[in-house]
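Okay, here's what each chain looks like letter by letter:
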Amino acid sequence: MTLSAELFQPHVGTTFSVLQEPGQTPNPQFTLRLDEVTTPVTRPGQRAFSLFFAGDASFTLQQGTYFLQHDALPEQAIFLVPVARTTEGFRYQACFNLA
């Protein structure tokens, strides 16, 4: 499976479980909602995209690699960065730059 914006786009608005270890049993308390998939203008041969997730205020993720699990996708190790505090909680970004 190749990571791409097209892979994640159909799942905007859905929930991903956040795991600290691969294969861990998901805890329903630790979930993120995929809010947005962006594809900036890139150079020929370059593919870049970002995923933006929303989490509630009940927990805060530090910048780092987490395993995200979704019902329709394989478990993925994704590096998340908290980029904003919102009225509902926190916003996280994952950036991908693929050649």
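Just above sits the structure.
Residues numbered from 1 in each chain as written. Predicted model: local features only at pLDDT ≥ 70, side-chain atom pairs only at ≥ 80, totals over all residues. Heavy atoms only, no water.

### A word on the nonpolar core
Inference 1: Residues Phe8, Leu32, Leu51, Phe53, Leu61 and Leu80 are the most contacted members of the largest nonpolar core, which totals 23 residues.
Inference 2: Those elements that provide at least two residues to this core are α1 (5-8), β1 (15-19), β2 (31-38), β3 (47-56), β4 (64-70), β5 (73-85) and β6 (89-98).
Inference 3: With four residues, β6 is the single largest residue contributor to this core. (Core = buried A, V, L, I, M, F, W, Y, C linked by side-chain atoms within 4.5 Å. Buried < 20%, exposed > 50% of the residue type's maximum accessible area, 1.4 Å probe, protein only. Helix = DSSP H or I, 4+ residues; strand = E, 2+ residues; numbered from the N terminus.)

### Some details on the environment of Pro10
Inference 1: Counting through the fold element by element, Pro10 comes out in the loop between α1 and β1.
Inference 2: In this structure the C-alpha to C-alpha distance between Pro10 and Val37, which are 27 residues apart in sequence, comes to 9.6 Å.

### Thoughts on the packing of aromatic side chains
Inference 1: All told, the structure shown has six aromatic pairs when counted by the stated rule.
Inference 2: Note on Phe8 and Phe49: the rings are 6.4 Å apart at their centroids and 35 degrees apart in plane angle, and the pair reads as tilted. Of this pair, Phe8 sits in helix α1 while Phe49 sits in strand β3, and the two are 41 residues apart along the sequence. The two residues Phe8 and Phe49 agree in class, both being buried.
Inference 3: Linked through ring pairs, Phe8, Phe16, Phe49, Phe53 and Phe96 together constitute an aromatic cluster. (Phe/Tyr/Trp six-rings, centres within 6.5 Å; stacked < 30°, edge-to-face > 60°.)

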